[in-house]
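Single-letter residue listing:
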Amino acid sequence: MPLLSVDELTITFAGRGQRDARAVDGVSFDVDQGQVVGLVGESGCGKSVTSLALMGLLPGRGVRLGGRAEFDGTDLLTLPAARMRDLRGTQLAMIFQDPLSSLNPVVPIGVQVTEILARHRGMRGEAARKEAAHLLDRVGIPDPTRRLKEYPHQLSGGMRQRALIAMAVACAPRLLIADEPTTALDVTIQAQILELLKELVDQEGTALLMITHDLGVVAGLCEQVNVLYAGKVVESAGRRALFDAPTHPYAHGLLGSIPRLDAPRGEALRPIRGSINDRIDWADGCAFAPRCDRYTMECLTGTPALTEPHTPGHQARCVNPVLPEGATSPQRTEATG
Amino acid sequence: MSTKTDKIDRLAELTASTETATGGSLWVEAWRRLKQSKMAIIGAVVIGAFVILAVIGPWVAPYDPTAQLWRGEVFTNRNIFVGPRAENWFGLDHLARDEFSRLLVGARQTLLVGIVATLLGFTIGALVGGSAGAALTLGGKLGQRYDTVVMRVIDMMLALPSLLLAVTIAAVMGQSLTTVMVAVGVVQIPIFARLLRGAMLAQGGKDYVVAAQALGVRKRRVALGHVLPNSLSPVIVQATLSLATAIIEAAALSYLGLGNPDAAEPEWGVMLAQAQKYFDAAPMLAVYPALGIIITALGFTLLGEAMREALDPKLRS
C-alpha cells in the first residue's frame, strides 16, 4: 500500500457572485514510502493548491474539496483540524518556495526551531537548544550555535532554506512536501539544496513529494513524475520513461522548450504556443487542445482518458499521443488505478 | 610564495569580519537606522529639550508663574501690555505675570497630558485590537463573533468626531486635568485598536504564518508568538505620532475651557485661550504658547516618521 494515495482530488474555489473555479480537477497519484515523486506543471496548473490541500492549509471558506487523499490509511481531506495539526510536523511536513518570507522576521532562528521541538517532542530549555543546533548542523549550516541566535535576514538565501528544511525534518516526518524549494535561490545554491534533500530522503527513508516547474529538478531527483495541466494529470511515468519518450504533446512540448547544451548550433527553441487558460473546462474536451499542434476534432469530444499508449506504466491523457520511434500503433488500453 | 599565503590569510580575515558586521534583531537594526536619520535626530533633540524643560521648568523659572508681580504695569482695558524686556524676557501676560516663567512651568502639564493620554489610548487600544486580531487569527465562529462585536463598538467610537467625543467625555466627567487626559486618551483608543487588528490580519496571511502552521505549531502560539510581534511596529510608530496629536488636542480642550479649572496654573492650551481675548493688542502672548505646541508636536511627528521608516521592513536593507 502506498504511503500517500491521492484519488480523484478536486479543489474548487467558489467566489460570491463568481463562476466556480476548479483549480484541481480529478488528480490521482501515489507516493510510496521513501519514494521521490514529482508534480510538474506551469504556474496555475494546480500544483501548489494540491500541496496545500494535502497539508490541510487551505482556508475553510470558499473552498470545496472532493476525492480522497489517504495517508497511511486516513483520509487527510476529512480529518478534523485538531488531528491534522498533530500530523503536521510529525508525519507530514512542508517546505515552501520563498525561504525569507517563510521565516518569521522578528524571531531568531533558534526560537523558531525549538518551538517545533517543544510542540511535537516536548523538548525545552538546554535540551531543545542542543537538538536545534544538531538539526542545523545536519542540514549543513556551519557554526550552528551562533546561527541559532541570528535573525532570518542575517542568513543567506541558501542558509534560510536549509534552516526551513531543518525545521521540516525536526520530527522525522514520513512525507515531506517541497513546493518549489529552489525557485527563489541561485543556481549553485539550488544544486546544494537538492543534494541535501536527496541525502535526507536517502538516509531517513522519507517520502518526498516534489512540486516544481523545473524539469531539471525533476531529472535530478524524482523517481516518478506526474505532469499536471489545467488541474489534471496529463502524463505520469517514471523519470527515465518520461524524458526518453514524452508522450503527451504538452510534456513533449515542455521538454522541447528547454535549452540544451547538446542541441545542434543555431537550432531555435520550440516554445509552446499561448498560455494556460483557466476558463477552459476538461468536460468540453482536452484543455490543452487550443495550444496543441496535434489536435483533431476528436480531441474536443469529452475528456480524454488516461491511457497507456505505448509502454505499460507510462500513462498519458491524449487521443493523439506522441509515440516514440519504433513503437507499435496506439493500443488504447485503459489505464488501471 | 609567502606573500601569496599572506594575501590569502588577509582575504580570509576580511571575509570573516564582514560576516559579523551585519546587525542584530529588528530593534537593533531599527535603532541603527534611526541614528542615521536626520529627521530622527532633529525630532529627538526637540523632544529631549522639551522633556528637560518640563522636568526642570519649575526650578529654573525666574519668577513664580502664578504671582501677579507687576500689577501696576498692565492695563488690559486700556490695551497697555508689557513686551519683552530685560527682567521679563517674553514680557508679561494679561494678569501681569511673567510669561517666560509660565511657559517653562506649563511645559510639564502639556507633556504630562500628552504622555498619559497616549499611554491610556495605546494600552486599551492595543488590548482591544490585539484581542480582536488574535481571536480572528485563532479562527472559529466564536473568534469571529468576538471580533465583529468589538470592532463595531470601535467603529462607533471612530465615527464620532474626535474633538466632539473628547468634549462629551470632558463634559460628563467635569473640569479637571484628569478629564483632559482621559478624554484625549479615549479618542485614541479606536485608532490603536484598528491599527493593531489590521496589522495582525495582514500578517495572518503571510507565508511564515502558513509555514508555522504547516509544521503543526498551535494556533495560540502562531497568534501570540508570530503574528503579534510582527504587527507591533506600526502601532509603536502611531504612538509617537499620537503624542503630537494628544498635545494639540489637550491644548484644544484647555482652550475650550474644559481643562484644569485653576486658570492660574499655567498650561499652554489655557495660555493660548486666554491670549485670544487680547490678540489685537498683544499678539505675542498667543504666539509663544502656540509656537511651543507646534514645535513639540513637530518634534514628535518627526521622530514618529523617522521610526516609521526605520521599522518599515520594505526599506530594510
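Small disclaimer: the values here were computed from a predicted structure and weren't measured.

Engineer: Kindly report on the overall build of chain A, identifying the contributing residues and their values.
Structural biologist: Assigned secondary structure in chain A consists of 10 helices and 11 strands. Computed over its C-alpha atoms, the radius of gyration of chain A comes to 21 Å, within 12% of the 20 Å expected for a compact globule of 337 residues. Projected onto the principal axes, the alpha-carbon positions of chain A cover approximately 70 × 50 × 40 Å. A burial count over chain A gives 47% of its 337 residues as buried. Across chain A, every contact between residues at least 6 apart in sequence was considered, and the portion connecting residues at least 24 apart equals 64%.

Engineer: A description of the overall build of chain B should follow, citing residues and the corresponding values.
Structural biologist: When its secondary structure is counted, chain B shows 11 helices and 0 strands. Start at the N end of chain B and walk to the C end: the helices and strands fall as α-α-α-α-α-α-α-α-α-α-α. For 317 residues, the compact-globule formula gives about 20 Å, and the C-alpha radius of gyration of chain B, at 26 Å, lies well above that figure. Across its three principal axes, chain B shows a C-alpha extent of roughly 90 × 70 × 30 Å. Expressed as a percentage of its 317 residues, the buried residues of chain B come to 44%.

Engineer: Before we move on, can you summarise the interface of chain A and chain B with the specific residues and values?
Structural biologist: Tallying the contact residues gives 27 residues for chain A and 20 residues for chain B. If you list the elements that add at least two residues to the side of chain A that touches chain B, you get α2 (81-87), β6 (92-95), α3 (109-121) and α6 (157-168) of chain A. Residue contributions to the side of chain A that touches chain B peak at 4 residues, all from α3 of chain A. In terms of residue class, the side of chain A that touches chain B is made up of 13 nonpolar, 8 polar and 6 charged.

Engineer: Any details on helix α7 (residues 177-204) of chain B? Residues and values, ideally.
Structural biologist: All names here are of chain B. Helix length check: α7, at 28 residues, gives a terminal C-alpha distance of 40 Å against a target of 40 Å (1.5 Å per residue), a fit within 8%. The largest bend along α7 reaches roughly 30° and is located at Q188, with the proline P190 sitting one to four residues downstream. The element α7 is largely enclosed, with a buried count of 22 among its 28 residues.

Engineer: Pulling in residues and values, what's your account of the sheet that holds strand β9 (residues 224-229) of chain A?
Structural biologist: Two strands in a sheet stick together by hydrogen bonds in their backbones, pointing the same way (parallel) or opposite ways (antiparallel). Residues and elements named next belong to chain A. The strand order across the open sheet built from 7 strands is β6-β7-β8-β3-β9-β10-β11, with neighbouring strands paired in mixed fashion. Looking at which strands have only one partner, the edges of the open sheet turn out to be β6 and β11 (315-316). One ladder, built from 2 bridges, connects strand β10 (residues 232-238) with β11; its direction is antiparallel. Bridging from a neighbouring strand, S236 pairs with Q315 of β11. Its contacts with the sheet put α6 on β6 and β7 (175-179), and the angle it makes with β6 is roughly 175°.

Analysis parameters
Along each chain, residues carry numbers from 1 onward, in the same order as the chain's sequence is written. Following the order in which they are written, the chains are lettered starting with A and the ligands numbered starting with 1. Where totals are concerned, whole chains, interfaces and linings use all residues; where local detail is concerned, this predicted model gives features only for residues with pLDDT of at least 70, and gives and counts side-chain atom pairs only at 80 or more. Secondary structure elements follow DSSP: runs of H or I of four or more residues count as helices, runs of E of two or more count as strands, with numbering from the N terminus. For the radius of gyration, the atoms used are the C-alpha atoms, and the globule rule reads 2.2 Å times the number of residues raised to 0.38. Think of it as a crowd count around each C-beta: if 20 or more other C-beta atoms lie within 10 Å the residue is buried, if 12 or fewer it is exposed, and in between it is partly exposed, with C-beta placed from the backbone throughout. We call two residues in contact if the C-beta atoms placed from their backbones are at most 7 Å apart. Any residue outside Ala, Val, Leu, Ile, Met, Phe, Trp, Tyr, Cys, Pro, Asp, Glu, Lys and Arg is labelled polar, Gly included; the first ten of those are nonpolar and the last four are charged. To estimate the expected span of a helix, subtract one from its residue number and multiply by 1.5 Å. The angle between axes fitted to the seven residues ending at a residue and the seven residues starting there is what we call the bend at that residue. By definition, two strands form a pair when at least two bridges between them are found by DSSP. Note on method: axes are straight lines fitted to C-alpha atoms, helices fitted across the in-contact stretch only, with angles between N-to-C directions ranging 0 to 180 degrees.

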